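For reference, the chains in residue letters:
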Amino acid sequence: MALLTVGHSLVAGLLSFEGLLLVGSLALLYYYYVVRAQRYFAERGVAHVRPTSVLGNGADFVLRRRHVADVLSDMYQRFRRHRFFGYYDFLSPIYVIRDLELVKQICIKDFDHFLNHRIELDENHDPLFGRALFAMRDTRWRNMRAVLSPAFTGAKMRQMFGLVTAYCEAAVQTIRAETGTDGRSDLEMKELFRRFGNDILATCAFGIEINSFRDRTNAFYTLGKELTNLDGWQGIKFLAFSSFPRLMRLLRLRLFSERMTRFFRHVVRDTIAQREQQRIVRPDMINLLMAARKQELKFDENENVVEDDGQSGHPKRTMDWTDDDMVAQCTVFFFGGYDTVSTLSAFMAHELAVNPDVQRKLRDEIDEVRTNLGGRPFTYETMQSMAYLDMVAQETLRKWTPAPFLDRLCTKPYELRDYDGNTVQLRKGDGLWIPAWAIMRDPELFPEPDRFYPERFAAGAVDPTTMLAFGLGPRNCIGSRFALMETKAVFYYLLSTFHLEMGPQTQHPIRMKVSSLGPSAEKGFWIRFRVRSSQQQQQQQQEAN
């Protein structure tokens with residue numbers, strides 16, 4: 001019996017020791033990965049808010065209590081006496097750059113120190129997003145950007161403009177035919193502009209004609225909505241790829257599902273094969289990429305594209321493109337425009353509905369243009385001449401930027417200097433955020449920032465480097481010109497036919513949907529469409545004839 005008691009005591013002691021060892025190990029791990037990590041900014045003398053959990057400073061955002069734009073805006077205001085401050089993205093320290101001059105220095109003058117985004121993707125595992133321009137890094141990004149840039153010039157936009165306007169005109173007539181007998185219809189704008197964007201991008205990126213107002217479950221629309229639905233699993237994946245890029249790469253998770261990859265590979269490859277066999281030329285993205293693939297460029301000994309001055313002596317060759325490179329650029333162009341343009345357009349429709357004076361002024365400009373055209377086609381040059389249309393679009397981008405913040409990764413050691421002269425040395429791999437939403441709502445830069453006031457963008461009145469909606473510097477959004485062209489064309493045709501008004505479901509002022517990574521309205525963007533009077537329509541018909 002005594003031996004049994006001693007045995008029990010030994011076992012209990014061992015269990016107790018193992019328990020203490022386990023608790024001690026966990027405590028050490030917690031200290032190393034949490035407590036020590038959260039001393040990062042304190043040790044460097046960087047202004048910050050001390051986090052209270054492993055969620056870092058984004059607890060309210062992660063737990064869906066507040067939108068990330070509001071979280072960053074509050075910190076932006078709190079640290080007004082600093083050029084930058086610290087933010088814990090979970091346990092990862094991020095330097096948030098709030099001083100506009102420092103933003104310009106980082107994004108333009110010292111761009112070589114901040115060449116890349118934080119996201120890390122394995123192109124062998126995720127062959128579409130991993131090969132997309134957005135995800136590329138270093139020399140590979142430079143070379144692909146040089147190859148793709150000619151595809152996004154004003155001249156190329158002009159070539160695609162006819163495809164955009166043909167679709168807009170037909171889509172608006174479809175909406176007109178579906179209005180009630182009283183000429184009114186209450187529509188949800190994000191859904192409406194997703195269908196506009198889906199069909200325009202399908203024809204401009206892939207050369208495929210779709211009518212999502214009639215065929216409401218076509219594959220392009222279904223896959224686009226699935227990928228850009230940031231409220232569910234897809235939103236969690238985007239957050240994970242942003243906050244834990246190395247972990248996502250290690251786990252070999254992918255943003256594009258295998259089903260999406262197969263679908264877009266099939267579409268692009270079949271289209272290219274058909275065009276090459278039948279020598280079809282069409283002013284769309286696939287045609288531009290096919291031309292870009294054949295373009296001869298000069299590369300130096302470090303594989304960087306160099307200017308062809310005829311005297312450099314560097315050999316010409318075409319950049320090596322795989323089929324998936326072609327598929328990736330088309331697919332990401334499609335998805336990038338799908339959500340960005342629908343978000344911009346939804347907010348723009350809301351602002352026009354709740355600001356009837358602005359809408360009236362824009363409609364007057366549109367009617368004047370239609371009169372001057374006298375039945376001739378609406379052209380890219382005409383659209384570019386519409387000053388007030390551009391002001392409305394720019395003011396929407398300022399107030400409701402689709403990207404609450406920009407991100408950069410430090411690629412070379414760099415010194416940040418605060419207003420008081422204190423400095424911090426950035427190391428390779430350090431992450432930066434630029435709070436675009438907060439900067440473009442700063443009253444010192446934009447007086448009365450909550451007011452929708454397009455006139456603030458009268459010629460020369462706004463420094464273009466304060467507009468961060470599409471990024472800044474060499475790594476800005478390559479498709480921004482297309483996004484603005486599409487948005488302006490859509491509203492030209494919409495306001496030619498409809499008045500946009502507040503309806504019973506319109507939420508004003510808008511409250512942000514806290515479960516979404518991007519800006520969105522809590523209760524949707526419901527707007528009442530009212531067909532313009534028959535007298536106005538008759539006048540337009542006479543002008544068209």
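Below is a summary of the structure that appears in this document. All residue numbers refer to position in the chain's written sequence, counted from 1. The predicted origin of the model limits local features to residues at a pLDDT of at least 70 and limits the giving and counting of side-chain atom pairs to 80 or more, whereas totals for whole chains, interfaces and linings rest on all residues. Working from all heavy atoms in the structure, the side-chain values ignore hydrogens and water.

**Quick notes on the packing of aromatic side chains**
So the rule is basically this: Within 6.5 Å between ring centres, the rings of Phe, Tyr and Trp (the latter by its six-membered ring) count as paired, and their orientation is classed by plane angle as stacked under 30 degrees, edge-to-face over 60, tilted in between. Note on conventions: DSSP H or I runs of at least 4 residues are helices, E runs of at least 2 residues are strands, and numbering of each starts at the N terminus. Categorising residues by exposure relies on relative accessible area from a 1.4 Å probe, with only protein chains included: less than 20% of the type maximum marks a residue as buried, more than 50% marks it as exposed, and the intermediate range marks it as partly exposed. Should the NZ of a Lys or the CZ of an Arg lie within 6 Å of a ring centre and within 35 degrees of the ring normal, that charge is described as sitting over the ring.
Per the stated rule, a full pass over the model turns up 37 aromatic pairs. Where Phe206 meets Phe334, the ring centres are 5.8 Å apart and the plane angle is 70°; that geometry is what we call edge-to-face. Here Phe334 lies in helix H14 (residues 323-354) and Phe206 lies in helix H8 (residues 189-206), a separation of 128 residues in the sequence. Just as Phe206 is buried, Phe334 falls in that class too. Three or more aromatic residues link up through ring pairs in this structure, and these residues are Phe206, Phe220, Tyr221, Phe263, Phe264, Phe334 and Tyr338. A cation over a ring is seen here: Arg98 above Tyr76, with NZ or CZ 4.0 Å from the ring centre. Across from the ring centre of Phe446, 5.5 Å away, lies the NZ or CZ of Arg398, which sits over that ring.

**A closer look at the pattern of salt bridges**
Here is the rule we go by: Note on definitions: salt bridges are taken to be side-chain nitrogens of Lys or Arg within 4 Å of carboxyl oxygens of Asp or Glu.
A full pass over the atoms with the stated rule returns 39 salt bridges. Two residues, Arg80 and Asp442, come together in a salt bridge whose shortest N-O distance is 3.5 Å. Residue Arg80 is located in the loop between helix H4 (68-78) and strand S1 (84-89), and its partner Asp442 is located in the loop between helix H18 (436-439) and helix H19 (480-497); the two are separated by 362 residues in the primary sequence. Among the salt bridges present, the one from Asp324 reaches Arg269, with a minimum N-O distance of 3.7 Å. Taken together, the residues Asp324 in helix H14 and Arg269 in helix H12 (residues 258-278) connect sequence positions 55 residues apart.

**Some details on the environment of Leu468**
Worth spelling out the cut-off: Note on definitions: a residue-residue contact is assigned when non-hydrogen atoms from the two residues lie within 4.5 Å.
Relative to the helices and strands, Leu468 is located in the loop between H18 and H19. Taking relative accessible area as the criterion, Leu468 reaches 0% and is therefore assigned buried. As a C-alpha pair, Leu468 and Arg398 span 70 residues in sequence and 8.0 Å in three-dimensional space. Apart from the residues lying within four places of it in its own chain, the contact partners of Leu468 are Leu406, Ile434, Ala436, Ile439 and Met440.

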